[in-house]
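Listed below are the residues making up each chain.
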Protein chains: 2
Amino acid sequence: MRVAVVGAGSWGTALARLAAARAEVRLWAREPEVVAAIRERRENTLYLPGHRLPEAVAATGDLSEVLDGADIVIMAVPSHGFRDILRRALPHLPAAAPLISVTKGIEQDSLKRMTEIVLDETGCAPESVGVLTGPNLAREIADGQPAATVVALSDPDAARAVQALFMGPTLRVYTNPDVVGCEAAGALKNVMAIAAGMAAGLGYGDNSTAALITRALAELTRLGVALGGRPLTFAGLAGMGDLVATCISPQSRNRQVGVALGRGRRLEEITAEMRMVAEGVKTTDAVLALAGRHDIEMPIAAMVGRVLYEGCNPADMVAGLMGRAAKAELHGIA
Amino acid sequence: MRVAVVGAGSWGTALARLAAARAEVRLWAREPEVVAAIRERRENTLYLPGHRLPEAVAATGDLSEVLDGADIVIMAVPSHGFRDILRRALPHLPAAAPLISVTKGIEQDSLKRMTEIVLDETGCAPESVGVLTGPNLAREIADGQPAATVVALSDPDAARAVQALFMGPTLRVYTNPDVVGCEAAGALKNVMAIAAGMAAGLGYGDNSTAALITRALAELTRLGVALGGRPLTFAGLAGMGDLVATCISPQSRNRQVGVALGRGRRLEEITAEMRMVAEGVKTTDAVLALAGRHDIEMPIAAMVGRVLYEGCNPADMVAGLMGRAAKAELHGIA
């Protein structure tokens, strides 16, 4: 079997390394220094230092070399470059191979998910376009910490092929036919990590956090269902799993922004100190725009938006959330 | 409106205090010193010290006084004493009042949930017997930390009455018609907190924990659905909410037992040092018996059982879990 991995960031590289146990892997890197490091030192020193890449991983900067004859294509490029790189890959995309996006995010302006971009740009059959997603920090998985992920593809044979490719002694891979739900959950969760951080920054405890995360999941589910996802998908690894990891991990940049906001710092101050902008600072806007387009109420996301973009006080926002009208728990979901 | 709260532990007392904003509350305490403290000092010094009880809360050791003329009955006694106290309450139970259990647990031997015991022992109409459950630490709620809970009752009017009774500026109350699902989730979760603790004790990070909690929820959902609950209930406050709180809170005794087991200590040593036995040490057995009765696979709960009762090594158990056959994510649920 031949696997193409397009994108040699930390996650693309970690996946290439896992797939190399069962397949011949070609890994495309944008940066010539990454290609050189892998070729010469068997290590992606820039994005996944400290993890040896086996000989079964061949690095190249040439998309045709990576894609030619691939049985499975993994797209692992950042969301903002996804459409552009896909266009460059297009002439070389093998016709029948399943195409799996592992990119979490939505395209600015179009508000499209990555698989929607794939269907826009390519002639791929919808049933063989999917995602792999879940609570997956590349470094923890490369370190061999026990982890689980979900591959969503509507073609069950293709799903099982991808499952078999990545399943290993420290990674369990589950299948789920709901591509839209799995992808939406991963793409939209970052706003909720900012909210969870705010709760911590305001000094609230584990019960408040758990209640907030649960109601955040209800919001994501409402929006995901409006987009065409299935409610139970959001209770799985792509939804709850990824959300819990992002909301409790002190490593999550989105959570860090929330903590600082909860402690009363201003967004400009916080982002000025961070090397990379937290994804949620940009995607909150997009999440709210999507919710508006589908007429879905998302009170927690809206609260985060008002703190981020209008400078509102987090404690006042929490009081506003608590004072909303009484509801049924599955309102807007089932 | 008159509310009867049977049981003046920390949670019963906290609920009596909340209800007193809208109703005349009678609170039954087993211990005469609790009755005396509330009468003389307006404080349950034994179980909820530091929180003043308003005059609208009348404490008594007489069940007839508490129950006579009550419009809503809240049962807040420990699971091991539930049936006995219910039998003593029986002659005084008002015929038409909704009866709400806030007790999490299942009865040893019979493996029954508290509402099953109510239906066994009383002539209450099934549609007015329900539960109030969620990620609710009595002290955090009494302190006014933002929290959310769910009231499950199949009679929607009764559900809304209980919702209105407890809803306040720092507690959001949601309704859910699924009594079995809400009650099962709360009753069965403790075994999973031991598992989450073990993962932490073994040194695993937030992604492993999030994956474990998510798969733990899938197990609880499978069993809960077999008992008659609805899958989406488990994604709500009674399921995911309570599970996340119990699994991440360093205050959770079940989690503490798991952490110590993960670090290689023996159960006898751990329990010898704890003042109160962690609930999950006893209920794991009951959860596995229930799963066996309904022929439900619960690999994580079974792993906890083997560590607790057979002295198996947690690291070996994790390796066994990771090596299971590949599955669809919603296997056994949908």
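Thresholds applied
Residues numbered from 1 in each chain as written. Chains lettered and ligands numbered in written order. Predicted model: local features only at pLDDT ≥ 70, side-chain atom pairs only at ≥ 80, totals over all residues. Heavy atoms only, no water. Contact = heavy atoms within 4.5 Å. Buried area = accessible area lost by both parts, 1.4 Å probe. Salt bridge = Lys/Arg side-chain N within 4 Å of Asp/Glu carboxyl O. Least-squares fit on C-alpha atoms with pLDDT ≥ 70 in both. Pairing = 2+ DSSP bridges. Helix = DSSP H or I, 4+ residues; strand = E, 2+ residues; numbered from the N terminus. Axes fitted to C-alpha atoms, helices over the stretch in contact; angles between N-to-C directions. Buried < 20%, exposed > 50% of the residue type's maximum accessible area, 1.4 Å probe, protein only. Arc of directions from axis to C-beta. Phe/Tyr/Trp six-rings, centres within 6.5 Å; stacked < 30°, edge-to-face > 60°. Lys NZ or Arg CZ within 6 Å of the ring centre and 35° of its normal. Parallel < 35°, antiparallel > 145°, perpendicular 65-115°, else oblique. Left-handed = near helix turned anticlockwise from the far one by under 90°. Nonpolar A, V, L, I, M, F, W, Y, C, P; charged D, E, K, R; others polar.

Peer 1: Tell me about the interface of chain A and chain B, and please be specific about residues and values.
Peer 2: Counting residues at the interface gives 58 residues for chain A and 58 residues for chain B. Buried surface at the junction of chain A and chain B, both sides included, amounts to about 4,700 Å², of which 62% is carbon and sulfur. Together, Asn-207, Met-322 and Glu-329 of chain A form the three largest contributors to the area buried by chain A at its contact with chain B, with a combined 16%. The interface formed by chain A and chain B contains zero salt bridges.

Peer 1: Describe the relation of the copies chain A and chain B, and please don't skip the residues or the numbers.
Peer 2: With an RMSD of 0.0 Å, the operation that places chain A on chain B is a rotation of 180° combined with a shift of 0.0 Å along the axis. Both chain copies can therefore be described as sitting about a two-fold axis. Considering only C-alpha atoms, the residue of chain A closest to the rotation axis is Ala-235 of chain A, which sits at 2.7 Å. With an isologous cut-off of 70% or more, the 100% of interface residues of chain A that recur at the interface of chain B puts this contact in the isologous class.

Peer 1: Before we move on, can you summarise the sheet that holds strand β4 (residues 72–75) of chain A with the specific residues and values?
Peer 2: Residues and elements named next belong to chain A. Ordered in space as β3-β2-β1-β4-β5-β6-β7-β8, the eight strands form an open sheet in which the pairing is mixed. Whereas interior strands pair on both sides, the edge strands pair on one side only; in this sheet they are β3 (57–60) and β8 (171–176). Between one strand and the next, the sheet's axes are offset by a mean angle of 20°, whatever the strand orientation. Relative to β4, strand β1 (residues 2–6) runs parallel, the two sharing four bridges. Opposite Val-5, over in β4, you have Ile-74 as the bridge partner. With respect to the sheet, helix α2 (residues 32–41) is in contact with β2 (24–28) and β3, its orientation differing from that of β3 by roughly 145°.

Peer 1: Which residues make up the environment of Met-75 of chain A, and what values go with them?
Peer 2: Residue and element names in this part refer to chain A. Considering the arrangement of structural elements, one finds Met-75 in strand β4. In this structure Met-75 comes out as buried when scored by relative accessible area, which is 0%. Separated by 47 residues in the primary sequence, Met-75 and Trp-28 have C-alpha atoms spaced 9.8 Å apart.

Peer 1: Run through helix α5 (residues 114–121) of chain A, naming residues and quoting values.
Peer 2: Residue and element names in this part refer to chain A. All of the buried residues along α5 are Met-114, Thr-115, Ile-117, Val-118 and Glu-121. Seen end-on, α5 carries its buried residues on one side only, within an arc spanning 155°. In this fold, the buried residues of α5 make contact with α4 (82–89), β5 (99–101), β6 (129–133) and α8 (179–188).

Peer 1: Requested: an account of the packing of aromatic side chains, with residues and values cited.
Peer 2: Within the structure shown, the criterion is met by zero aromatic pairs over all chains. Above the plane of the ring of Tyr-174 of chain B lies Arg-215 of chain A, whose end atom (NZ or CZ) is 3.9 Å from the centre.

Peer 1: Can you explain the packing of helix α14 (residues 279–293) of chain A against helix α15 (residues 299–310) of chain A? Please cite residues and give values.
Peer 2: All names here are of chain A. It is at 10 Å that the axes of α14 and α15 come closest, and there the two elements cross at 130°. When the axes of α14 and α15 are compared, the pair comes out oblique. As α14 runs across α15, the sense of the crossing is left-handed. Only Ala-301, Ala-302, Val-304, Gly-305, Leu-308 and Tyr-309 of α15 make contact with α14, whose side of the interface consists of Gly-280, Val-281, Lys-282, Thr-284, Asp-285, Val-287 and Leu-288. When grouped by side-chain class, the residues that make up the contact of α14 with α15 number eight nonpolar, three polar and two charged.

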